[in-house]
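Chain residues, written in single-letter form:
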Amino acid sequence: MDTAEIRRRFVAHFRAVAHTAVPSASLLVDDPTLLFVNAGMVPFKPYFLGQETPPYARAVSVQKCIRTPDIDDVGKTTRHGTFFEMCGNFSFGDYFKEGAVEYAWDLVTKSQADGGFGLEESRLWPSILHGDEEALQVWMKVTGLPSERIVKLGPKENYWSMGVPGPGGPSSEILYDRGPEHGPDGEFETTERLVMPAKLEDRYLEIWNLVFMQDELSAVRSKEDFDIVGPLPRKNIDTGMGLERVAYLLQGVDNMYEIDVMYPVIERAEQLTGRRYGADHEADVRMRVVSDHVRSCLMLIADGVTPGNEGRGYVLRRLLRRAVRSMRLLGYDDPAMPELLPLSRDKMGETYADLHRDWDRISQVAYAEEDAFRQTLRSGTTIFDQAAAAVKESGGTTLSGDRAFALHDTYGFPIDLTLEMASEQGLEVDEVGFRDLMDQQRRRAREDARSKKGGHVNTAAYRQVADALAHPVDFTGYREVVSEGVVRGLVHDGEVVASAREGDEIELVLDRTPFYAEGGGQLADHGLIELGNGARVEVRDVQSPITGLVVHTAKVVSGEVTPGVEAHAEVDVERRKSISRAHTATHMVHKAFREALGETATQAGSENAPGRFRFDFSATGAVPVSVMQDVEARVNDLVLSDLAVHAEVMTQEDAVRSGAMALFGEKYGDQVRVVSVGDWARELCGGTHAERSGHLGVVKLLGESSIGSGVRRVEALVGADAYRFLAREHVLVAQLSEALKARPEELPERVHDMIERLRAAEKALEQTRIAQLLSQGAQLAADAADINGVRLISLRLDGADAGDIRTMALNLRSRVSQEQPGAAVLIGVKDGKVAVVAATNEPARERGVRADDLLASVMPLVGGRGGGKDDVAQGGGSDASRIDEALDAARAAVARAAGA
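Described below are features of the structure shown in this document. (Residues numbered from 1 in each chain as written. Predicted model: local features only at pLDDT ≥ 70, side-chain atom pairs only at ≥ 80, totals over all residues. Heavy atoms only, no water.)

Notes on the overall build of the protein
Thought 1: Secondary structure assignment for the protein yields 26 helices and 35 strands.
Thought 2: The principal-axis extents of the C-alpha atoms in the protein amount to approximately 100 × 75 × 55 Å.
Thought 3: A total of 900 residues make up the protein; the buried ones form 49% of that total.
Thought 4: Partitioning the contacts of the protein with sequence separation of at least 6, the portion at a separation of at least 24 is 69%.
Thought 5: Of the accessible surface of the protein, which amounts to about 40,200 Å², a share of 48% is contributed by carbon and sulfur atoms.
Thought 6: The average position of the 104 basic charges and that of the 140 acidic charges among the side chains of the protein differ by 3 Å. (Helix = DSSP H or I, 4+ residues; strand = E, 2+ residues; numbered from the N terminus. Buried < 20%, exposed > 50% of the residue type's maximum accessible area, 1.4 Å probe, protein only. Contact = heavy atoms within 4.5 Å. Areas by Shrake-Rupley, 256 points an atom, 1.4 Å probe, with all protein chains shown as cover. Lys, Arg positive; Asp, Glu negative; His and termini not counted. Charge placed at Lys NZ, Arg CZ, Asp CG, Glu CD.)

Spelled out as structure tokens, the structure:
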């Protein structure tokens, strides 16, 4: 039974018993605690937490998931994968334990001819939480199995929570006995086990987990240590069946990597590498890693992830690089992704049609990342091998944090790759040292992530206000900028409050509002709220922390604010219009780039602010100036055409059919809003817009740049801001024309000629300076200090850059007699930057004096880092105040080495 049929039967089974079929959500979850959807229940989390009212009592889904904590187990076990699909059925206060057990048991045991999976009952072992008598009785009633055939496990195995206060409950698993060839007998009928031994997990495969949400938890300290306050007011069901696990049982293969949607990649890997799958364990593991990671990369890129060094982008980068490197270790050195990714697309595309539709974009991102990594491997692997060899030669077993950091910072080697390569050579890595060196830039990234709005926010107070309101806030901002409403809630410091006075910073909720809450790249409205009791509130931000609630962040300017008071809300119209023009311009620029660069130039992010916008999009390289000019001209031509901008609401299916563009990472409901600029640009969008394209006035693209692998950013001005920018440019051009006595159209050539003449003059000066330095070489060599028989030239050169002192150091080294040990350590200072070069001749190296060791003794004192070989090493720093100490340290290092 192929995987698509298993998926189809699962959904059909539950639709037949009144479950609503819910399509898989994106892997990109709108949850600050998660990078990706990692379980089937994640899209339903707001319903289980009581933050939103579910639109159905029963649901069924097959959800795309990514989990990477067990990445090192991929390929080594039969069941660990980074991407998987979770088949789940859910009950929101409807059926409970008996219903969940009946539906699951019926599907797995019913014959295949009758639409089930036909698994042998004799091989199935239900498990329950030890002490859950209700579940025990249900299983015995539904299955007819005796108590001893039902495994009783402890809370570590069979109690579920989110790891934080909230809902929890016992769980129940269906285990499938794969037979003695996969492990020892569990002896469940005679042996009490509270924990499932690891040696039994491959034999007794968990295929389905049923969670009975019945408890309210006040504290969760660990999987086995939690406090139950009492029963939940409404009991829920959350189940998850591993699609890949059931597939490899029904397809009669040994593991998940050999099922129909994954094995074609292994077969192709065999052909490319000349290795036979099944002949060598180590090679088999690598082929499984390739099969798993290629599929994961495909699905991540399809959902809008691009390679990067943080967060989701780093996960993708790590997976793709592990796959590529595994192919290299199998003996295949050519680009692998073009050979493997299409196979995964063809199999997964049978279910996910967007893989075919977006193939050009997906393949461009993947292939560009592989090309970049191949360059990294070429340069970095040589440096790593040298570093590893040096460690072994010195009798060490640990690669220093400095070396690991240099590999990361200079050559782009991720630390996990360094760890893997070190392990293969029997070495450890000083991860603590590496982490210390990385800490500062990591901390900056974390602080930036935490500063983003909508981060780790406690929604309890908002939920309380929403429950009291009992219906979504009525957003009237599409049709008006002034509206009347009533104050329905106040929040201060995460708590619902009864009043707020002059000077207080509060969060205020109205039953209806014209204020747009930040979302979809559009910044929030600002404005004023005047209350019926005379109080005035200045709105500085607007957010939607939970679905259906609009929260105004505001300062009480005068009077007292209390719930129940009538409110007159008025948006800052000029700010709204300016932002709306920017949002419309973003849609137009997006469409123009897709026309110019192809359908792969899809939006990857945006920010629409008053008078300006930034637009991020997928591209494999820099955008040519000519394309930027064409896009700007195309947009401004359509601005002059004064196209009508209109919005309409329709089903998502109708919207896509009409040609509307949906954006990656955005959440859309069944009904979506489509914004059209004439009949030209159509996008799913919940933002506000200009009424006509002519209202934009003019759009000026300021430039484009890279913000990550495969992603470019364009920044632009709109309307009056664009006009003022162009006016300033006009004045600047006029001033240059006057100064250079040239017409505007002659300026580029005139400036180019001036720069070329200046460069020629600088080059001549440089050659003169180097000649002066070299002319001093003979005297400096003659004056070299003798340290334990090694002639050392160590000096400071002001006004010399890295190139100067490298040339000087090599020249001085050559002036020392080749029969006599000689070394040079030169430190140059120019424009506040410190450059260091160390060089040694062969007799010095035979005495143990190495250039890289000399450099290592100097660099901490000049606030920098560097690297090199035993004959020449070079580095740069930023602290010139301790150069004399650094030169003393170099002399001491020579004395130590030569005296050994």
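Back to the text.
Examining the packing of aromatic side chains
Any pair of aromatic rings gets described here by the distance separating the centres and the angle formed by the planes.
Thought 1: In total, this model carries 26 aromatic pairs according to the counting rule given.
Thought 2: Between F14 and W208, the ring centres sit 6.3 Å apart and the planes meet at 75°, which makes this aromatic pair edge-to-face. One end of the pair, F14, is in helix α1 (residues 3-15); the other, W208, is in strand β8 (residues 204-222), and 194 residues separate them in sequence.
Thought 3: Grouping aromatic residues by their ring pairs yields a cluster made of F44, Y47, F48, Y56, F90 and F92.
Thought 4: When the ring centre of W359 is taken as origin, the NZ or CZ atom of R345, which lies over that ring, is 4.4 Å away. (Phe/Tyr/Trp six-rings, centres within 6.5 Å; stacked < 30°, edge-to-face > 60°. Lys NZ or Arg CZ within 6 Å of the ring centre and 35° of its normal.)

Digging into a negative patch on the surface
Thought 1: Taken together, the side chains of E148, D185, E187 and E189 make up a negatively charged region of the molecular surface.
Thought 2: Within the secondary structure, E187 is located in the loop between β7 (166-177) and β8.
Thought 3: Since its relative accessible area comes to 43%, E187 is described here as partly exposed. (Patch = residues over 30% accessible without salt bridge, like charges linked within 9 Å, V, L, I, M, F, W, Y side chains within 5 Å. Salt bridge = Lys/Arg side-chain N within 4 Å of Asp/Glu carboxyl O.)

Remarks on the state of the cysteines
Thought 1: Summed over all chains, the structure comprises zero disulfides.
Thought 2: There is no disulfide at C297, and the cysteine sulfur nearest it, in C65, is 17 Å away. (Disulfide = S-S within 2.5 Å.)

Examining the pattern of salt bridges
Thought 1: Taken as a whole, this structure holds 54 salt bridges when the rule is applied.
Thought 2: For the salt bridge of R79 with E201, the shortest nitrogen-to-oxygen distance reads 2.6 Å. Of the two residues, R79 sits in the loop between β2 (58-66) and β3 (83-92) while E201 sits in the loop between β7 and β8, which places them 122 residues apart along the sequence.
Thought 3: Taking the relative accessible area as the measure of exposure, R79 reaches 14% and is therefore buried.
Thought 4: Of the charged contacts, one joins R512 and E480 as a salt bridge, the two residues approaching to 3.9 Å between their closest N and O atoms. Here the residue R512 occupies a position in strand β17 (residues 512-513), and E480 occupies one in the loop between β12 (474-475) and β13 (482-492), the gap between them amounting to 32 residues.
Thought 5: We classify R512 as partly exposed; its relative accessible area is 25%.
Thought 6: Looking at E480, the relative accessible area reads 25%, which means it is partly exposed.
Thought 7: Within the structure, one salt-bridge network assembled from shared partners comprises D474, R479, E480 and R512.

Brief notes about the pairing of strand β29 (residues 711-718)
Thought 1: Across the eight residues that make up β29, a large majority, six, are buried.
Thought 2: As defined by bridge partners, strand β24 (residues 612-618) adjoins β29 across seven bridges and the pair is classed as antiparallel. Bridging across to β29, R614 finds its partner in E715.
Thought 3: Strand direction decides the pairing type here: strand β28 (residues 699-708) and β29, joined by eight bridges, are antiparallel. (Pairing = 2+ DSSP bridges.)

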